[in-house]
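As a plain string of letters, each chain reads:
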Amino acid sequence: MTQETFHKLVHKVMETPAHPPETLFAGGMDDWHARARLAHFLAMPNMNRTAEAIELFRSVGEEEIDDENAEDVEEKVYALQKLSSIEKEMEGKKKDALRHIGEAIELAESTDFLYKYILRGELWGDRWNLMHHMDMTQEAESEADERIEAYKDIPIQHNSYLYYGYRFKAMLAAERGVPLVAKDYMHMALHSMEIPKDYEAGLEKAFSATHDNAAWILNEVDRATPNPDHLHWDI
């Protein structure tokens, strides 16, 4: 991508309702932060610029970064995570998606930083769901079991590894038509999450369903669960 094309795309993004400040892209094509930020906006459904977003995200994936800088690490991890999520939906690109979410996990776990937005457990959850769609369910479930075993005895309350690990196992149990097992795993998942009091009644109602439609029950539990992005996590 040329500097001219980059600047044209910046102005297209700035004309959208999102209207990000131009300072986000001040470094131009030579600044990987600017490329990553532009790619996120180009990847939005209303932009119809997926090809350009992928090009920019892939260029970010090739960058060497300052791994002592938490913000740099997090920004690159987020770019790789988004790239993987785009490729997951594309024909013939699931292997690329798996590679890029793997790179995101490796980078995120190369430091001890507590990131502002990225959750290591969520990255693993993305990987397991992708593997499940690639008919690698047994391998994904084994990885989830390994993460749970590694983190279940750590003395912290809000653990994203356990939430996303148990959440994945609950989903598999629901797909297998075993509602009691799915509920048990979701209870275990929620024990690792901060639950504001105003969500408790909705969750109790969702869990109280007595029918055998496990997928429906799990969907209702999800609808009653607070958004993980808005909660405090210890890891």
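Scope of this entry: the structure provided in the associated data block. (Residues numbered from 1 in each chain as written. Predicted model: local features only at pLDDT ≥ 70, side-chain atom pairs only at ≥ 80, totals over all residues. Heavy atoms only, no water.)

1. Section: the overall build of the protein
From N to C terminus, the protein includes 11 helices and 0 strands. Counted from the first residue to the last, the protein has its helices and strands arranged as α-α-α-α-α-α-α-α-α-α-α. Here the C-alpha atoms of the protein give a radius of gyration of 19 Å, agreeing with the 18 Å that 2.2 N^0.38 yields for 235 residues. Here the protein, with 235 residues, has 48% of them falling under the buried criterion. (Helix = DSSP H or I, 4+ residues; strand = E, 2+ residues; numbered from the N terminus. Rg over C-alpha atoms; globule rule 2.2 N^0.38 Å. Buried < 20%, exposed > 50% of the residue type's maximum accessible area, 1.4 Å probe, protein only.)

2. Considering the pattern of salt bridges
What the rule picks out here adds up to 17 salt bridges. The shortest N-O distance in the salt bridge between Glu-141 and Arg-176 comes to 3.0 Å. Residue Glu-141 is located in helix α7 (residues 137-151), and its partner Arg-176 is located in the loop between α8 (160-175) and α9 (179-190); the two are separated by 35 residues in the primary sequence. The buried category is assigned to Glu-141, whose relative accessible area is 17%. In this structure, the salt-bridge partner of Arg-223 is Glu-220, at a minimum N-O distance of 3.5 Å. Of this pair, Arg-223 and Glu-220 both sit in helix α11 (residues 214-224), 3 residues apart, which is roughly one turn of the helix. For Arg-223, a relative accessible area of 64% gives the class exposed. In this structure Glu-220 comes out as partly exposed when scored by relative accessible area, which is 23%. One salt-bridge network, held together by shared partners, links Arg-58, Glu-87, Lys-93, Asp-96, Arg-99 and Glu-103. (Salt bridge = Lys/Arg side-chain N within 4 Å of Asp/Glu carboxyl O.)

3. Observations regarding α11
Taken residue by residue, α11 has Ala-214, Ile-217, Leu-218, Val-221 and Ala-224 as its buried positions. The buried residues of α11 occupy an angular sector of 125° when the element is viewed end-on, so they sit on one face. (Arc of directions from axis to C-beta.)

4. Things to note about the packing of aromatic side chains
Under the defined criterion, the tally for this structure stands at 8 aromatic pairs. Judged by centre distance (6.0 Å) and plane angle (75°), the rings of Phe-25 and Phe-41 are edge-to-face. With a gap of 16 residues between them, Phe-25 in the loop between α1 (3-14) and α2 (32-42) and Phe-41 in helix α2 connect regions that are remote in the sequence. Consider the rings of Tyr-163 and Tyr-164, whose centres lie 4.9 Å apart with planes at 85°: the pair is edge-to-face. (Phe/Tyr/Trp six-rings, centres within 6.5 Å; stacked < 30°, edge-to-face > 60°.)

5. Regarding α8
With 16 residues, α8 ought to run about 22 Å at 1.5 Å a step, and its terminal C-alpha atoms sit 22 Å apart, in line with that. For α8, the tally of buried residues reaches 15 of 16 residues, placing the bulk of the element in the interior. Between the side-chain oxygen of the N-cap and the backbone nitrogen of Tyr-161 there are 3.0 Å, and the N-cap of α8 in question is Asn-159. One or two steps after α8, the chain reaches Gly-177, where phi turns positive at roughly 75°. (Expected span 1.5 Å × (residues − 1). Polar contact = N/O pair within 3.5 Å; in protein donor to acceptor, adjacent residues only side chain to side chain.)

6. Some words on the packing of α9 against α11
Between α9 and α11, the least distance of the axes is 9 Å, while the angle of their chain directions is 20°. Considered as vectors, α9 and α11 are oriented roughly parallel to each other. For α9 against α11, the interelement crossing comes out right-handed. Contact residues: Pro-179, Lys-183, Met-186 and Leu-190 in α9; Ala-214, Ile-217, Leu-218, Val-221 and Asp-222 in α11. For the contact of α9 with α11, the residue count by class is 7 nonpolar, no polar and 2 charged. (Axes fitted to C-alpha atoms, helices over the stretch in contact; angles between N-to-C directions. Parallel < 35°, antiparallel > 145°, perpendicular 65-115°, else oblique. Left-handed = near helix turned anticlockwise from the far one by under 90°. Contact = heavy atoms within 4.5 Å. Nonpolar A, V, L, I, M, F, W, Y, C, P; charged D, E, K, R; others polar.)

7. Here's the deal with the environment of Arg-99
Mapped onto the elements, Arg-99 comes out in helix α5 (residues 94-108). Considered as a pair, Arg-99 and Met-29 are 70 residues apart in the sequence and their alpha carbons are 25 Å apart.

8. Some words on unusual backbone geometry
For His-19, which is not glycine, the phi torsion reads 45° and is therefore positive. What makes His-19 exposed here is its relative accessible area of 53%. Unusually for a residue other than glycine, Asn-48 sits at a positive phi of about 55°. With respect to the element layout, Asn-48 can be found in the loop between α2 and α3 (50-61).

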